[in-house]
Amino acid sequence: MKLSYSAQREAKNIILSLQGDLIGDEAGPKLVEIISDAIQEKVENCLIDLKEVRYISSSGIGVLITMLTKMRNVGGEVYLASPSEHVKKLLVITKLNNIFTVFDSLEAARSAIK
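Quick caveat: nothing in here was measured; it's all calculated off a predicted structure. (Residues numbered from 1 in each chain as written. Predicted model: local features only at pLDDT ≥ 70, side-chain atom pairs only at ≥ 80, totals over all residues. Heavy atoms only, no water.)

Caption draft 1: Highlighting the packing of aromatic side chains. One pass over the full model with this rule turns up one aromatic pair. Where Tyr 79 meets Phe 103, the ring centres are 5.9 Å apart and the plane angle is 55°; that geometry is what we call tilted. Of the two residues, Tyr 79 is situated in strand β4 (residues 77-81) and Phe 103 in strand β5 (residues 101-103); the sequence distance between them amounts to 24 residues. Take Tyr 79 and Phe 103: they sit in the same class, and that class is buried. (Phe/Tyr/Trp six-rings, centres within 6.5 Å; stacked < 30°, edge-to-face > 60°. Helix = DSSP H or I, 4+ residues; strand = E, 2+ residues; numbered from the N terminus. Buried < 20%, exposed > 50% of the residue type's maximum accessible area, 1.4 Å probe, protein only.)

Right, here's the structure in full:
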């Protein structure tokens, strides 16, 4: 399923809601570009809502890591929210759960980073 996404700004945060499969196709560079633009606009945190993501490929993982690296290079952070059981397992297997802060819900992520 092709990835679609929406972005919304909340104070110094940007929230990316992803739907579909994160496989790093043409949507990957667009997501990284959104982060680059957000950094220019002094955004400090990126919350990525994974509730509607069914699958993440190795290229998709690369997109997430690139976004995280860009944010951390300017003192920001990327948080993951609402991963499905399948995505949670992937984060554990790849040990990305040790690199990213993962929240069970978008609301929990919002509360934690206020």
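Caption draft 2: Just the packing of helix α1 (residues 27-40) against helix α2 (residues 58-73), in detail. Running from amino to carboxyl end, α1 crosses α2 at an angle of 10°, the nearest separation of the two axes being 10 Å. Taken together, the axis directions place α1 and α2 in an arrangement best described as roughly parallel. Note on element contacts: α2 touches α1 through Val 63, Thr 66, Met 67, Lys 70 and Met 71, opposite Gly 28, Leu 31, Val 32, Ile 35, Ser 36 and Ile 39. Partitioning the contact of α1 with α2 into residue classes produces seven nonpolar, three polar and one charged. (Axes fitted to C-alpha atoms, helices over the stretch in contact; angles between N-to-C directions. Parallel < 35°, antiparallel > 145°, perpendicular 65-115°, else oblique. Contact = heavy atoms within 4.5 Å. Nonpolar A, V, L, I, M, F, W, Y, C, P; charged D, E, K, R; others polar.)

Caption draft 3: Examining the side chain of Ser 82 more closely. Relative to the helices and strands, Ser 82 resides in the loop between β4 and α3 (85-93). On the accessibility criterion, Ser 82 (14% relative accessible area) is buried. Here Leu 106 takes part through its backbone nitrogen, which lies 3.4 Å from a polar atom of the side chain of Ser 82. When near neighbours in sequence (up to four residues on either side) are disregarded, Ser 82 contacts Asp 49, Leu 50, Lys 51, Phe 103, Asp 104, Ser 105 and Leu 106. (Polar contact = N/O pair within 3.5 Å; in protein donor to acceptor, adjacent residues only side chain to side chain.)

Caption draft 4: Expanded view of the UniProt feature "domain: STAS" (unreviewed entry) in the protein chain. Here, the residues flagged by UniProt with the feature "domain: STAS" (unreviewed entry) are residues 31-113. In residues 31-113, the share of helix is 51% and the share of strand is 24%. The end C-alpha atoms are 21 Å apart. (UniProt positions renumbered as here; feature names shortened; annotations may be inferred.)

Caption draft 5: Structural view of the pairing of strand β3 (residues 45-56). Where strand β2 (residues 13-22) meets β3, nine bridges bridge the pair, whose relative direction is parallel. Considered in β3, the bridge of Leu 16 is made with Ile 48. Between the parallel pair β2 and β3, the chain is carried across by α1, and the sense of this crossover is right-handed. Sheet topology note: the β3/β4 ladder contains five bridges and is parallel. Note that in β4 the partner of Leu 47 across the bridge is Tyr 79. The β-α-β motif built from β3, the intervening α2 and the parallel element β4 has right-handed crossover chirality. (Pairing = 2+ DSSP bridges. Right-handed = clockwise from strand over helix to strand, strands pointing away.)

Caption draft 6: Quick peek at the nonpolar core. With 31 residues, the main nonpolar core has Leu 16, Leu 18, Leu 31 and Ile 48 as its most contacted residues. Sorting the residues of this core by element identifies β2, α1, β3, α2, β4 and α3 as the ones contributing at least two each. No other element matches the seven residues that α1 contributes to this core. Discounting residues that sit within four places of it in the chain, Ile 48 has contacts with Leu 16, Leu 18, Leu 64, Met 67, Val 78, Tyr 79, Leu 80 and Ala 81. (Core = buried A, V, L, I, M, F, W, Y, C linked by side-chain atoms within 4.5 Å.)

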